[in-house]
Number of protein chains: 2
Amino acid sequence: MRATTLHAPRDIRLSEVPDAAVELPTDAVVRVLAGCICGSDLWPYRGENDITEGATIGHECVGVVEEVGADVRSFGVGDVVVVPFCHCDNTCVHCRAGVQSACTNLGVTRSGQAELARVTQADGSLVAVPGASDGDVDEELLPSLLALSDVMPTGWHAAVSAGVTQGGTAVVVGDGAVGLCGVLAASVMGAEQVVALSRHQPRQDIARAFGATHVVAGRGDEALEAVREITGGVGADAVLECVGTDQAMRTAFDVARPGSTVGFVGVPHGVELPIRRMFSKNVGLAGGMAPVRRYLPQLLDLVGSREIDPGLVFDLTLPLADVAEGYRAMDERRAVKVMLRP
Amino acid sequence: MRATTLHAPRDIRLSEVPDAAVELPTDAVVRVLAGCICGSDLWPYRGENDITEGATIGHECVGVVEEVGADVRSFGVGDVVVVPFCHCDNTCVHCRAGVQSACTNLGVTRSGQAELARVTQADGSLVAVPGASDGDVDEELLPSLLALSDVMPTGWHAAVSAGVTQGGTAVVVGDGAVGLCGVLAASVMGAEQVVALSRHQPRQDIARAFGATHVVAGRGDEALEAVREITGGVGADAVLECVGTDQAMRTAFDVARPGSTVGFVGVPHGVELPIRRMFSKNVGLAGGMAPVRRYLPQLLDLVGSREIDPGLVFDLTLPLADVAEGYRAMDERRAVKVMLRP
């Protein structure tokens, strides 16, 4: 099959590799209808994470079930499915507690930017798209379905972890696709004021389309001052940290009101938590790798009923063959998020 | 008045200093019936915090109102009161949100180990002991009333922050007076299993009296292994970190189950939070300086009805004149917590 492989920093290729295959009786193989590039893929792409030369990359996709293992009961060939980036049995003690991202049988998609992807724990992981089969899926819905694979549930998890409630003020740090989905989540959850920190016009536009009531272009002290003004000096009731850098985390804690929680979903890189401030102001930290499967049924309903359209984060669609250009576009921030069609 | 003063590491004295006085119309002055030594007083005592030579020390006390400022409406001379270590107006936006320890008019007791203590924001800060006046307080209740000044509400805050609920497993890291009060709090809140980490017989005994169902004497990996066994491999539903050191924090996160929260109340010293683990296992951190005033009415009821007896943490009572011996006893861990009588 054709699959995206990473060989060295910025050396990303579409290669011929052995087909993804059923290896365990609980596996399924999915033919990818659409995959995409994640902000976190840029870490190894830029050489900031270790690289296994020639390994496939890409953990987000929607597709059609191509083959199932002997123990898979709930899915069959031809089903159109959303593939959560983290696979889970959805039955273990951690899954039952809503932390599917810590499943005792955790797996991850390893060839989402490819023609085929192996899904472990298929019965627990996959969610079928209602009314779609044999690859017959509403093309208009496809971007939003693809967003359910990771980026939208991750933004949602930030909002859940931050404790967004009706009527409060939520601040979202980060205007990448996850941050924008965090804006959408906070808005759907009823936050009265949703403040997006963004200095890029196209991203500001998506933030507003997703329900941001305020867009703050400044950073650091400027952002803090703006949030102070918006909240009458109090600080934000909930803060979503959707980047993973030290500066973003610092901003998140700076704008959080005493007693509030920073919900974090950006994979932390070089973050040093401001524990003295956390202590003196009682600002908590919650979140982490999103339990995608937990939120999928609810989010799929919202997409199906057209109440949310998270697919708006895809502002560039390329054929899989042009994956290298997709990475360049995201690396240079020319694109928010790139959809790839095999 | 006679007050405890710190002059250099381990140079603690009872000195003659100017009387605590009403300085603002919202102040009260309280004649101390009993004060005590806090674990956090040991940081400057040991020279691990900066010392202002000759400054008074001590932030916990119960006493009798001696004088009130012109604006104090709810208290009068002779009232027996619990003095929260952090003073608050109990009306500002943060107080109304239950974070009295971030009050916009925050103050702290500065001469609790003395004859007189100044209390700022007296109307908001103080809580009267029902049925007691003119210093006529049930001597038997005095230790438990004194514990309400800081140590018991702080242990309670750890349990609230950790999200202790009925039927779960709570692990308490730290067998100081705060940790022991955390055990008591978790037990009152209905945790089915309350695990105290302690290797000191007298502290283990208090932990059991406070409702600990398990006492684990090991540390580090041994403690982790013991909690794994107690929880059937799952980890604790709630963890109370009541020390403030890096090792204690590490143990707290190690024993926490995915999706749970570490409630922390130990003033952090040299703590580096394990953010990768927090992210991958979705273990949150919440807590900080306890909003004592928030919990006081409820805890005073529990003490008054004899449902809790947090005064058990005082295993040594000394006349104020012997305060230096009190510090030595706590520093050498010969005493859990020392009560001082002026």
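Residues numbered from 1 in each chain as written. Chains lettered and ligands numbered in written order. Predicted model: local features only at pLDDT ≥ 70, side-chain atom pairs only at ≥ 80, totals over all residues. Heavy atoms only, no water.

## Let's talk about the relation of the copies chain A and chain B
Put simply, the test is: The fit set for superposing copies consists of C-alpha atoms from residues with pLDDT of at least 70 in both; the fit itself is least squares.
The transformation that overlays chain A on chain B combines an axial shift of 0.0 Å with a rotation of 180°, and the residual RMSD is 0.0 Å. Seen this way, the second copy is the image of the first under a two-fold rotation axis. Considering only C-alpha atoms, the part of chain A nearest the rotation axis is Leu 285 of chain A, at 2.6 Å.

## Observations concerning the UniProt feature "domain: Enoyl reductase (ER)" (unreviewed entry) in chain A
For the record, the criterion: UniProt positions are given in the numbering used here, feature names are shortened, and annotations may be inferred rather than shown by experiment. Under the scheme used here, helices are H or I runs from DSSP no shorter than 4 residues and strands are E runs no shorter than 2 residues, and both carry numbers assigned from the N terminus.
Residues annotated in UniProt with the feature "domain: Enoyl reductase (ER)" (unreviewed entry) correspond here to residues 7-340 of chain A. With 30% helix and 26% strand, the stretch residues 7-340 of chain A has end C-alpha atoms that lie 19 Å from each other.

## Re the packing of helix H8 (residues 220-230) of chain B against helix H9 (residues 246-255) of chain B
Residue and element names in this part refer to chain B. Where we set the bar: Helix axes are fitted to C-alpha atoms over the stretch in contact, other axes to C-alpha atoms as well, and angles between N-to-C directions run from 0 to 180 degrees. Small angles under 35 degrees read as roughly parallel and large ones over 145 as roughly antiparallel, with 65 to 115 read as roughly perpendicular and the rest as oblique. Handedness of each helix crossing follows the sense of rotation of the near helix against the far helix: counterclockwise by less than a right angle gives left-handed, clockwise gives right-handed. The contact criterion used throughout is that any non-hydrogen atoms of two residues lie within 4.5 Å. Basically, the charged four are Asp, Glu, Lys and Arg, the nonpolar ten are Ala, Val, Leu, Ile, Met, Phe, Trp, Tyr, Cys and Pro, and anything else, Gly included, counts as polar.
Relative to each other, H8 and H9 sit at 25°, their axes nearing to 9 Å. In terms of axis orientation, H8 runs roughly parallel to H9. Here H8 runs over H9; the crossing is right-handed. The residues of H9 that touch H8, namely those facing Gly 220, Ala 223, Leu 224 and Val 227, are Thr 251, Asp 254 and Val 255. A class-by-class count of the residues in the contact of H8 with H9 yields four nonpolar, two polar and one charged.

## Description of the interface of chain A and chain B
For the record, the criterion: Once two parts are joined, some of their accessible surface, as seen by a 1.4 Å probe, is lost; buried area is that loss totalled over both. The salt bridge definition used is simple: a Lys or Arg side-chain nitrogen within 4 Å of an Asp or Glu carboxyl oxygen. Here a polar contact is taken to be a pair of N or O atoms separated by no more than 3.5 Å, where protein atoms must pair a possible hydrogen donor with a possible acceptor and residues adjacent in sequence count only if both atoms sit in side chains.
Chain A puts 33 residues into the contact, and the matching count from chain B is 33 residues. In total, about 2,700 Å² of surface goes out of reach between chain A and chain B, with carbon and sulfur atoms giving 68% of it. Here chain A is connected to chain B by zero salt bridges. Summed over the shared surface of chain A and chain B, the number is 10 residue pairs in polar contact (both at pLDDT 80 or more).

## Side note on the packing of aromatic side chains
Residues and elements named next belong to chain A. The cut-off we apply is this: Centre distance within 6.5 Å is the pairing criterion for rings of Phe, Tyr and Trp, where only the six-membered ring of Trp is used; planes under 30 degrees apart are then read as stacked, over 60 as edge-to-face, and the remainder as tilted. Relative accessibility decides the category of a residue: with a 1.4 Å probe and only protein chains considered, values under 20% of the type maximum give buried, values over 50% give exposed, and everything between is partly exposed.
Counted under the stated rule, the structure contains four aromatic pairs over all chains. The interplanar angle of 35° and the centroid separation of 5.0 Å between the aromatic rings of Tyr 45 and Tyr 327 together place this pair among those described as tilted. Remark: Tyr 327 occurs in helix H12 (residues 323-331) and Tyr 45 occurs in helix H1 (residues 42-45); sequence separation between them is 282 residues. Judged on exposure class, the residue Tyr 45 and its partner Tyr 327 are both buried.

## Details of the environment of Val 227 of chain A
Residue and element names in this part refer to chain A. Inspection of the secondary structure puts Val 227 in helix H8 (residues 220-230). Here the alpha-carbon distance between Val 227 and Asp 301, two residues 74 residues apart in the chain, equals 33 Å. If we skip the residues at most four places from it in the chain, Val 227 touches Val 171, Ala 236 and Val 255.

## Comments concerning the sheet that holds strand E1 (residues 2-8) of chain A
Residue and element names in this part refer to chain A. Selection rule: At least two bridges found by DSSP between two strands are what make those strands a pair.
Read from one edge to the other, the open sheet built from three strands follows the order E2-E1-E4, with strand pairing classed as antiparallel. Where the open sheet ends on each side, the last strands, each with one partner, are strand E2 (11-16) and strand E4 (55-56). Inspection of the sheet shows E1 paired to E2 by six bridges, in the antiparallel sense. For Ala 8, the partnering residue across the bridge sits in E2 and is Asp 11. Docked against the sheet, H12 engages E1 and E2, running at close to 155° with respect to E2.

## Some points on the pairing of strand E15 (residues 256-264) of chain A
All names here are of chain A. Convention followed: Here, the term right-handed applies to a crossover whose path from the first strand over the helix to the second runs clockwise when the strands point away from the viewer.
Among the nine residues in E15, seven count as buried, and that is most of the element. The sheet contact formed by strand E14 (residues 236-241) and E15 spans five bridges and is parallel. Within the sheet, the bridge partner assigned to Glu 241 lies in E15 and is Phe 264. You can see the chain leave E14, run along helix H9 (residues 246-255) and come back into E15, and the turn it takes is right-handed.

## Some words on helix H12 (residues 323-331) of chain B
At 3.6 residues per turn, the α-helix brings residues three or four places apart onto the same side. Residues and elements named next belong to chain B. Burial analysis of H12 places seven of its nine residues in the buried class, which makes it a mostly covered element. Tucked inside the fold, the buried residues of H12 contact strand E1 (2-8), strand E2 (11-16), helix H1 (42-45), strand E17 (316-319) and strand E18 (338-341). Positive backbone phi, approximately 55°, marks Arg 333, located one or two places after H12.

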